[in-house]
Amino acid sequence: MSTTRTLRFRVFRFNAETDYLPAYKIYDLEVDEHELMLDVLDKIKWTKDGSFSYRRSCRHGICGSCAIKVNGKSIIACKDNVFELADLFETDELIIEPSRTERAVKDLIVDKKDFWSKYDAVKPYLVAEIDEHPVKENLVTPEDAELINEADQCIQCGVCYYACPAVEVNPDFIGPAALAKAARFTTDVRDDAKLDRLEIVNELGKGIWDCVKCYECATACPKGVDPIGKITTLHNQTFEEDMAEDNVATRHAVGFKHAIARHGLLDETEIVRYSEGTFGMVKHIGVGLDMMRAGKVVMPWNMHNSKNLDEVKKLIKSSSTTTFKGK
Amino acid sequence: MSKLRYALFAGCTPKGSTPELMMATMAVAEKLGIELVELEAASCCGASHLQDFDDFLSVVLNARNLCYAEKEGLDMVTVCNTCQLNVAGANLRLKSDSKLKNSVNEKLAEVGLNYTGSVQVKHFLYAILEDYGLDNLAEQVVKPLREMNIAPFYGCHNIRPTDIAQDSNGGESPYMPTSLDNLIIALGGNSIDYESKNKCCGFHADLQAPHTSHALTGKALLDAKDNNADYMVTPCPLCHLNFDTQQKNAAKAAGREIGLPVLHLPQIIGLALGIEPKKLGLDKHVIDTQLA
Amino acid sequence: MSVEIRKYDVVIVGAGLAGCAAARECQMAGLKTVVLTKVHPLRSHSGAAQGGINAALNEADTTSHEFDTVKGSDYLGDQDAIELMCQKAPETIRWLEKMGAVFSRNEDGSIAQRPFGGQSQPRACFAKDRTGLICLQTIYEQAHRAGVEFLDEWYVGDLVYDNATSKVNGVVACNLRDTQFAIFNAKVVMFATGGYGRTYKINSNAHANTGDGLSIVARHGLPLEDMEFVQFHPSGLAGSGVLMSEAARGEGGHLLNSNGERFMSKYAPEKMELASRDVVSRGIEREIMEGRGVGEKKDAVYLDVRHLGEEKIMERLPELRDLALAFLGQDMAKEPIMIRATAHYSMGGIPTDINCHVKKNPTETVTGFYAAGECACVSVHGANRLGANSVLEAVLFGRHAGENIVKDIEAIAMVDVDESSADKFMKEVDWVIATNGSERVPALRAYLQETMTENAGVFRDEARLAKQKEIIKEIRKRYQNIRIDDSSRLFNTDMQEAIELGHMIDYAAFIVEGALARKESRGAQYREDYQSRDDANFLYHTYATMDGEGNISLDKGAVSIGKFQPEARTY
Ligand SMILES: Cc1cc2nc3c(=O)[nH]c(=O)nc-3n(C[C@H](O)[C@H](O)[C@H](O)COP(=O)(O)OP(=O)(O)OC[C@H]3O[C@@H](n4cnc5c(N)ncnc54)[C@H](O)[C@@H]3O)c2cc1C
Ligand code: SF4
Ligand code: SF4
Ligand code: FES
């Protein structure tokens, strides 16, 4: 027998034309164990209030329309089971909100212009001379095809994008979905615009270096795209293709290798100096003095090394796969 | 209970700019009778940055780190979320990808090492939770943290990505983490519920995107403060660096005074166990803890 | 309220595979092209296609692809169109590949192919079990790259059609965001509005598949063709009807009844689970009817793929596994999952000639009006479509429509229209928002869907169809008495659902009327009172038109027969 439960839903209601502030309305509904969040939205609309608005189409996790937040968790409504959500949050009351309340237009419908403009920014299409009447396909090995596969499963739902804290505080950040899209093409052996794309995603303040590595995107993505993994791919390709500019971000990544080669461990003052350059250190003087006062700074003469450092040095020599020239 | 023994992967920050974390960890371990055998040969985990430059190299170096724990025949304990991410992450990748394991072992052979995948890697928090046990810990409390409202700050890399957390940190939920809350309660403190507790402190973009970093740091601190926290506690020294040493910058970004002292996980345990504040390095903070 | 009039060379309605493919051709030829779509292009239902897209990549296989398609169609498919499709299929797949589609590959790097129901050769090219997503993404991306203007969340509600000259001059649409109306005045209009499966209770379709395009056309007195042919896919998830692609059977899945028997041995001893869809669907429904169903209500059968092993399931069918987990909590790597037949595909639609010109009767075409994809009936699927032939149709005929538009357009006049062309649709919307009756749209829609499944579903007969005809009349009347809750003009989805229900009622009547008149069983249409095919009397296409009261009259169109003479169809 299927079981049912009565749950309370606190739902974000808002009409940008008439309302100054949103209101949370309460609906108590009987839900069965197989029901998904989208079933709840449909029930509210079809049995309680027809004016309740949200986006949906395919109802089985492939069209990307129905992104929302439940108790702060960024989801597509047609994939998450209601009981599981209630159990996860150990509650009988779930809060249903749009992906980003600040962008709400009506109830759960948000203005996604920001999301699509990022999508546009990475040249989201294969750049190649297209043979309009081909008699033979490009030969692509299964391994090469598999490289693209994960990123190609993205349905542009925006779940990761609206879960990303870096996007939230920096509206210019391209964000996980579009960066995964960029990686989808930079890993495609048929694409001719790899370098253009790497240039776009390397812009400081917007691109891959603004990711805070929180893994929210990978955790939230309903399609297993692993956007942060794709961002790492872009980082790697940046160095492989000698597209890395000589700046604070690239030096910071490279600096770890130098530090490890020198001491095995990181000299934290040195990594800041190496990344920022000696002049760049100026802006860290305040924090540096605070730290010094608290006894947090290891003086160069006190910096000690890992034991068996020669092993580390040897491995760095033999296992390095890229070099950094710095444009 | 037989004595708990672990290989300690200390990490660079506890040996560098958060010496108080190292002090407190060792003091607490001693008090609880947990033996931590420091892996002195270990190298830096790469801090989630080396992988951006050279992913393979970062796996090789962490495989080497794991080899030293394997040599000791001990499970490994970390005291930093990002060390946990990198070392446990390498462990998971190597265990599930035999091709990668083979090519890594080829390199390790040059220095006479071989990775087998025989040890677990867990953060100290989970060693206490799962192996030592909260009930046991509660019994050792001599100075319950009754007066303290403590905001637990989990730090990303102990709870995300989920596959690593599943494999090594007892499958803590990234959406509803409970370990720190339970620990605070076991120590007799009040754990504060607030939205930012499982969010990001911004540390990893500190140099590259300082505005983003400061904004996130400020947001989390203020969220805790606005929910009546007297202290924040975190298992991660990198979160700590941002919250403590960068708190002034965060306040500037937020346009508000903050003034919230932030403690390391072993520091609050140590306080409850009655360890002298100085031994826990409580005087080595930028934001005064008023405890030392 | 004033209405904006926008001018274009070409207006395309629908941004699925067919619409995007056509748009790209038009744009590349320098025509001023706009695509209107009620959902974002990437949200179109084409993205849901799972299993594959057919092509005889080995040229020697082309004739056999043609034959399989003709046989699958139960000889109602037009063989000239089928020939064109099968011959151009390999080029079409490779064109998709060149544009970036990430097909699954063979070891040598060529495109891999898998077996599919009703096919004598493995000929379905695929991208795991997400073929549609990959194809839609690719075509949209390249159309976008070419500079096509896409206007999404615009709802098209009417056609600007001049009956006197048989010329289409544009469409009337409303921006869903603010309910602002506009007339898109153009030389050429193309419809690519997709399928009509939503009129059934158990269906595999998206909420958007409400067949708007069909009813819009029919309301101008233009005909719809072969509407009675609705494909029921054998494997919809029990309860929701969400699709478990044929790939599950293509890869070797078994169907079992409550006795654990592979019951298809009774209905298609040779092809078993891989017989044509209509045959398998009837097998499933028959088992359920005769009490050998599984599950709480005994209204499903088992689909068992466990013997493929977890690795192959993860490699080839990851999406399907996720779906069964989400909807039923069943892991197909570990247990059999529950399925039943689900309304899936619409063979019928807007009649077109082989070059995608919309027909105004069996022999004449309308000027400046094209259609392709699932909303059109060209007809390559006849009475039943083969799996993996419709993604192909949508891409290939979508592109073909674009090419024909480019070819024809110089000879097509731009006829300016005035604001009054928008009156009808604006009145319809205003009425829906303002009317204050007592009927609720969701309840009325559910009633239509339940009765269509019951009376015009997998098994049909005179009595049930006649009853359904009366029910539709009743629903039509009750629709006049609706009331909605939302009176705003901002994303009024309540209004949209009401308008869509209006369309569903209209085309449902065509399905029933066609089914009633066709006193035979052919392909997807199975009449229990006329169980065999009757070529002498029914080897023709149904052409149906509707008058202002919703009464439908029927006409006949010839079937194009080519290489293959009708013969008995067994699997
Ligand atoms: C679950 C599922 C799986 C399938 N699997 C396969 C398969 O494996 N192989 C295969 O060959 N076929 C498969 N099919 C069938 C195939 O996917 C469709 O027939 C085909 O994709 C239809 O494409 P289309 O371009 O005609 O329409 P769609 O992709 O449905 O696009 C319709 C477009 O019209 C727009 N539209 C509709 N009405 C309006 C309006 N009033 N105003 C504005 N815009 C409007 C929509 O917004 C949308 O953009 C499957 C179908 C389903 C449902
Ligand atoms: S890992 Fe980077 S891209 Fe992903 S959510 Fe965090 S900041 Fe955003
Ligand atoms: S990466 Fe995942 S979460 Fe982000 S838009 Fe794509 S499918 Fe959605
Ligand atoms: S409705 Fe399509 S993804 Fe949810």
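To start, this report covers the structure provided alongside it. Fair warning: this is a prediction, and the values are worked out from it, not measured in the lab.

The rules we used
- Residues numbered from 1 in each chain as written.
- Chains lettered and ligands numbered in written order.
- Predicted model: local features only at pLDDT ≥ 70, side-chain atom pairs only at ≥ 80, totals over all residues.
- Heavy atoms only, no water.
- Contact = heavy atoms within 4.5 Å.
- Buried area = accessible area lost by both parts, 1.4 Å probe.
- Salt bridge = Lys/Arg side-chain N within 4 Å of Asp/Glu carboxyl O.
- Polar contact = N/O pair within 3.5 Å; in protein donor to acceptor, adjacent residues only side chain to side chain.
- Helix = DSSP H or I, 4+ residues; strand = E, 2+ residues; numbered from the N terminus.
- Axes fitted to C-alpha atoms, helices over the stretch in contact; angles between N-to-C directions.
- Parallel < 35°, antiparallel > 145°, perpendicular 65-115°, else oblique.
- Left-handed = near helix turned anticlockwise from the far one by under 90°.
- Buried < 20%, exposed > 50% of the residue type's maximum accessible area, 1.4 Å probe, protein only.
- Pairing = 2+ DSSP bridges.
- Patch = residues over 30% accessible without salt bridge, like charges linked within 9 Å, V, L, I, M, F, W, Y side chains within 5 Å.
- Areas by Shrake-Rupley, 256 points an atom, 1.4 Å probe, with all protein chains shown as cover.
- Near = heavy atom within 4 Å.
- Nonpolar A, V, L, I, M, F, W, Y, C, P; charged D, E, K, R; others polar.

1. Considerations on the interface of chain A and chain C
Phase 1: Every contact between the two is made by 73 residues of chain A and, on the other side, 68 residues of chain C.
Phase 2: Taken over both partners, the interface formed by chain A and chain C buries close to 5900 Å², and the fraction arising from carbon and sulfur atoms is 49%.
Phase 3: Broken down residue by residue, the surface that chain A buries against chain C is led by A:R59, A:H60 and A:E137, which jointly contribute 13%.
Phase 4: Along the contact surface separating chain A from chain C lie twelve salt bridges.
Phase 5: As a salt-bridge pair, A:E132 and C:R24 come within 2.8 Å of each other at their nearest N and O atoms.
Phase 6: Inspection of the chain A/chain C interface yields 42 residue pairs in polar contact (both at pLDDT 80 or more).
Phase 7: Going through the elements one at a time, α1 (37-48), β6 (104-106), α3 (113-121), α4 (142-152) and α6 (176-186) of chain A are the ones with two or more residues in the side of chain A that touches chain C.
Phase 8: Counting residues per element, the side of chain A that touches chain C draws most heavily on α4(A), at seven residues.

2. Observations concerning the packing of helix α1 (residues 17-28) of chain C against helix α11 (residues 390-408) of chain C
Residue and element names in this part refer to chain C.
Phase 1: Their axes nearest at 7 Å, the elements α1 and α11 cross at an angle of 30°. With respect to α11, the element α1 is oriented roughly parallel. Pair α1 / α11 crosses with right-handed handedness. When α1 is examined against α11, the residues L17, A18, A21, A22, E25 and C26 are found in contact with a partner set consisting of V391, A394, V395, G398, R399, G402, E403, I405 and V406.

3. Some details on the pairing of strand β3 (residues 67-70) of chain A
Residues and elements named next belong to chain A.
Phase 1: With burial as the criterion, each face of β3 is covered, one bearing A67 and K69 and the other bearing I68 and V70.
Phase 2: Relative to strand β4 (residues 73-76), β3 runs antiparallel, the two sharing four bridges. Looking at the pairing, A67 lines up with I76 of β4.
Phase 3: Hairpin connection from β3 to β4: two residues lie between these consecutive antiparallel strands, with N71 at a positive phi of about 45°.

4. Brief notes about a nonpolar patch on the surface
Phase 1: A contiguous nonpolar surface patch, about 370 Å² in accessible area, is contributed by A:V282, A:I285, A:L289 and A:M292.
Phase 2: With respect to the element layout, A:M292 can be found in helix α12 (residues 285-293).

5. Comments concerning the pattern of salt bridges
Phase 1: Per the counting criterion, the structure on display carries 108 salt bridges over all chains.
Phase 2: A:R103 is the partner of A:D111 in a salt bridge, and the nearest nitrogen-oxygen pair spans 3.9 Å.
Phase 3: Between C:E290 and C:R292 there is a salt bridge, and its shortest N-O distance comes to 2.9 Å.
Phase 4: We classify C:R292 as buried; its relative accessible area is 18%.

6. Some details on the site of ligand 1
Residue and element names in this part refer to chain C.
Phase 1: What surrounds ligand 1 is a group of 38 residues, the closest being S44, S46, E374, S390 and V391.
Phase 2: Here an oxygen atom of ligand 1 sits 2.5 Å away from a polar atom, N or O, in the side chain of E374.
Phase 3: Relative to its unbound accessible surface of 1000 Å², ligand 1 loses 98% to contact with the protein.
Phase 4: Counting only elements with at least two residues in the shell around ligand 1, the list comes to α1, β2 (33-37), β7 (154-162), β14 (337-346) and α11.
Phase 5: A breakdown of the residues in the shell around ligand 1 according to their chemical character gives 17 nonpolar, 17 polar and four charged.

7. Some details on the site of ligand 2
All names here are of chain A.
Phase 1: Around ligand 2, a shell composed of 13 residues is seen, among which C164, C211, V212, C214 and C217 lie nearest.
Phase 2: For the shell around ligand 2, the secondary-structure elements that each account for two or more residues are α5 (165-169), α8 (216-220) and α9 (227-240).
Phase 3: Residue composition of the shell around ligand 2, grouped by class: eleven nonpolar, no polar and two charged.

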